[in-house]
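# Topology and contacts: notes
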Amino acid sequence: MMASHSDTLVVFFGATAGANGGKLGSDERELILLVWQIVDLHENKVGKLQRTLVQPDSADLSEQCKEETGLTAEELCKAEPLESILQKFHQSVSAELKSLGRSSYTLCVDGPLLIRQVLHPEASKKNLVLPECFYTFVDLKKEFHKCCPNAGPVKDLTLTSMLDCILLMLLVLLYHKFSTFETVNYKFESGACSKTEAVDIETVIRARGLPWQSSDQDIARFFKGLNIAKGGVALCLNAQGRRNGEALVRFINSEHRDMALDRHKHHMGNRYIEVYKATGEEFLKIAGGTSNEVAQFLSKENQVIIRMRGLPFTATPQDVLGFLGPDSPVTDGTEGLLFVKYPDGRPTGDAFVLFACEEYAQNALKKHKQILGKRYIELFRSTAAEVQQVLNRYMSTPLISTLPPPPPPMVSVMRDCIRLRGLPYTAAIEDILEFMGEHTIDIKPHGVHMVLNQQGRPSGDAFIQMKSADRAFMVAQKCHKKMMKDRYVEVFQCSTEEMSFVLMGGTLNRSGLSPPPCKLPCLSPPTYAAFPATPAMLPTEAALYQPPLLATPRTPQAPAHNPAPALAYYSPQLYMNMNMSYTTYYPSPPVSPSTMSYFQAPAILPPQPGALVRMQGLPYNAGVKDILSFFQGYQYAPEDYSSLLGVSDQGRSLIQPKEWLCL
């Protein structure tokens, strides 16, 4: 807002409990002193000097403050809080103006720091509404520099140096016509940014340490008092498309950027935020876009943007509108929805929604983690820059070429498994059974797989095979974020194929399945083999090891007319990476938790003599420990150490029968 020229000035001065002068506001300390005086430019008169103390939340004064102001903590404890002082200021100035027959005035300060770096940030933190007069002011230093350009740079001017030219100072105050008015933005304006737009390198900062749920308005509030360019907040995303706690912020000029840098390690709630210089190129890389669809979507002004994540791939615009409901109407109906898709048109499960006001957006956010179809939906605030960034990420991503080959015919591709993530490292099978509760009856025989890392320690993950996809979905809904000991456990529905790849050290994320980073072939393909209760021998492709002792459930006695149920075994892939630059995961012993009463049983299959494996391509410096580590979880013949051909007697002495760790 630009104020018109006024013939009445209110000279305004203040001090904080910490640094003052050129570092005013840089240490996030509170106001403790306000001084003002009215100057009547029409009559060439000055009013009474008003001086009032402000009570801070903390009366801890710096040595510089005590020396410059002469105030003590005891005096400040008797003062009134900032809200009362602002009301007193408004009433005092209004009454004095009325006696002079004036109706308007303009604040005059010796530099922008008091207004921009102290008053607005403190009022924002204390949720105070500042009078309109504090959104427009005159910078006396800049006006003085116009009259006396030889006095030095504006930022180096001080009251003392300006008062040395006292006559010129009075001429500025009484006869100079003020034409340049500083303004403070009432709120941040969102908007789109094009990659072809020119961005000044001296106007961008990087903020780090932001809470992940922070919106562009939260960041603008942190920089309250400084003017951010339209659409100048870009939240940064990590490789998985989630916010990483960083943002790039573009200001209207370098002066405001420099003041933003002085807010380094100021607090947003209980967290301190780091502020560093950044470049225009970095900002455009994050916030710039080229999509006409996005530009059209963001062309609607003053809209609140909400991001929806985890949508079913079959969700339609009508499904989304029905999910949001009548209490949170979307701007222009389906025109206010933007579905994020891959270049080939496949849905990603993400969408952005426009709402006309904050009330509608708040109603939508109340539906966070409610169910649409068979999935829970995440909703959180978003920004125009995030819309650009998400669209850029997906549209520039090539079609996934690392998807695994089609599974063997015997592998089920149904989503009949669940993944437990965030288990306590001390969690055992018994803890998982207790966590599953009544749902343990729906677990397949030998269907629990504890995931261990390469050192054989729990990784906090486990996979469980359920009897059907419906059972898996029900468990995922009822047990998600349920507590186990002192931690909540995340439960997700997944498929057998996804379970296999994660157990083998691959990754499972929104970009699809990626196998372990290994170029060597696996020893045995993943397969599920159903065997009779007492089979005579293993299939050839699975006979790479002799079966260990398994924790097997007590099998209820089946009626005579019913055959014994078949037992399923999972033969995992094993990848090897000579550089050991990633962590390989192994499943635990396949245990059937269908009953709490399980016990150690003899091996189901008798050892098969002559089950040897030949290893080719070993590193020349590979030792016995390396070979044993490579075959971790595969039982070798404990009584016949000569099965390791080429191993010396000293090496054989290192070999001891191992306790079964994983299959």
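Given the structure is predicted, the values throughout are model-derived calculations rather than measurements. (Residues numbered from 1 in each chain as written. Predicted model: local features only at pLDDT ≥ 70, side-chain atom pairs only at ≥ 80, totals over all residues. Heavy atoms only, no water.)

Let us now look at the pattern of salt bridges. This structure, assessed with the given rule, holds 26 salt bridges. Lys142 is paired through a salt bridge with Glu255; the nearest N and O atoms lie 3.2 Å apart. Remark: Glu255 occurs in helix α9 (residues 254-261) and Lys142 occurs in helix α5 (residues 140-147); sequence separation between them is 113 residues. Here Lys142 falls in the partly exposed class, since its relative accessible area comes to 22%. Asp258 serves as the salt-bridge partner of Arg257, at 3.1 Å between the closest nitrogen and oxygen. Overall, the relative accessible area of 3% leaves Arg257 in the buried class. What makes Asp258 partly exposed here is its relative accessible area of 38%. (Salt bridge = Lys/Arg side-chain N within 4 Å of Asp/Glu carboxyl O. Helix = DSSP H or I, 4+ residues; strand = E, 2+ residues; numbered from the N terminus. Buried < 20%, exposed > 50% of the residue type's maximum accessible area, 1.4 Å probe, protein only.)

Of all the nine residues making up strand β17 (residues 347-355), eight are buried; the element is thus mostly covered by neighbouring parts of the structure. Alignment of strand β15 (residues 304-309) against β17, held across six bridges, turns out to be antiparallel. Opposite Val304, over in β17, you have Phe355 as the bridge partner. Across four bridges, the pairing between strand β16 (residues 337-341) and β17 is antiparallel. By the bridge assignment for β17, Phe339 is matched with Ala351. (Pairing = 2+ DSSP bridges.)

Tracing the sequence through the fold places Asp416 in the loop between α14 (384-395) and β21 (417-421). Look at Asp416 and you get buried, because its relative accessible area is 4%. A distance of 3.4 Å separates polar atoms of two side chains, one belonging to Asp416 and the other to Lys444. (Polar contact = N/O pair within 3.5 Å; in protein donor to acceptor, adjacent residues only side chain to side chain.)

Turning to the nonpolar core, a few remarks are in order. Membership of the largest hydrophobic core comes to 51 residues, with the highest contact counts inside it found for Phe12, Phe89, Ile115, Phe134, Ile205 and Phe223. When residues of this core are sorted by domain, at least three fall in each of domain 1 (8-183) and domain 2 (204-287). Among residues more than four places away in sequence, those in contact with Ile205 are Phe223, Ala247, Leu248, Val249, Phe251, Arg257, Ala260, Leu261, Val275, Tyr276, Lys277 and Ala278. Formed by 22 residues, the second largest nonpolar core is a distinct cluster that contains Ala427, Ala462, Ala476 and Met484. (Core = buried A, V, L, I, M, F, W, Y, C linked by side-chain atoms within 4.5 Å. Domains from an automatic or database assignment. Contact = heavy atoms within 4.5 Å.)

What follows concerns the confidence of the model for the chain. Low-pLDDT portions of the prediction should not be read for the details of their coordinates. Averaged over all residues, the pLDDT of the chain equals 74, while 68% of them reach at least 70. In the model, residues 161-167 has pLDDT below 50 throughout and makes six contacts with residues more than four positions away in sequence or in other chains. Taken as a whole, residues 638-663 scores under 50 in pLDDT and shows 42 contacts with residues more than four places along the chain or in a different chain. (pLDDT = per-residue confidence, 0-100.)

Attention now moves to the environment of Val46. In this structure, Val46 sits in strand β3 (residues 45-46). By relative accessible area, which is 56% here, Val46 ends up exposed. Residues Val46 and Thr8 lie 38 residues apart in sequence; the distance between their C-alpha atoms is 9.8 Å.

Attention shifts here to the packing of aromatic side chains. Inspection of every chain in the model, using the stated rule, returns eight aromatic pairs. Put simply, the rings of Phe12, Trp36, Phe89 and Phe134 touch in pairs and so form one group of aromatic residues. Against the face of Phe473 rests Lys374, its NZ or CZ located 5.9 Å from the ring centre. The cationic tip of Arg375 hangs over the ring face of Phe313; the distance from NZ or CZ to the ring centre is 6.0 Å. (Phe/Tyr/Trp six-rings, centres within 6.5 Å; stacked < 30°, edge-to-face > 60°. Lys NZ or Arg CZ within 6 Å of the ring centre and 35° of its normal.)

This next bit is on the sheet that holds strand β10 (residues 228-237). Spatially, β10-β11-β9-β13-β12 is the arrangement adopted by the five strands of the open sheet, whose pairing is antiparallel. Both edges of this open sheet fall to β10 and β12 (266-268), since each of them pairs with a single strand only. Pairwise comparison of adjacent strand axes, ignoring direction, gives a mean angle of 35° for this sheet. Relative to strand β11 (residues 243-251), strand β9 (residues 204-208) is paired through five bridges, and the arrangement is antiparallel. By the bridge assignment for β11, Ala207 is matched with Ala247. (Axes fitted to C-alpha atoms, helices over the stretch in contact; angles between N-to-C directions.)

Attention now goes to the environment of Leu321. Note that Leu321 resides in helix α12 (residues 317-324). C-alpha of Leu321 to C-alpha of Val353: the two residues are 32 residues apart in sequence and 9.7 Å apart in space. Aside from chain neighbours lying at most four places away, what touches Leu321 is Val330, Gly333, Thr334 and Leu337.

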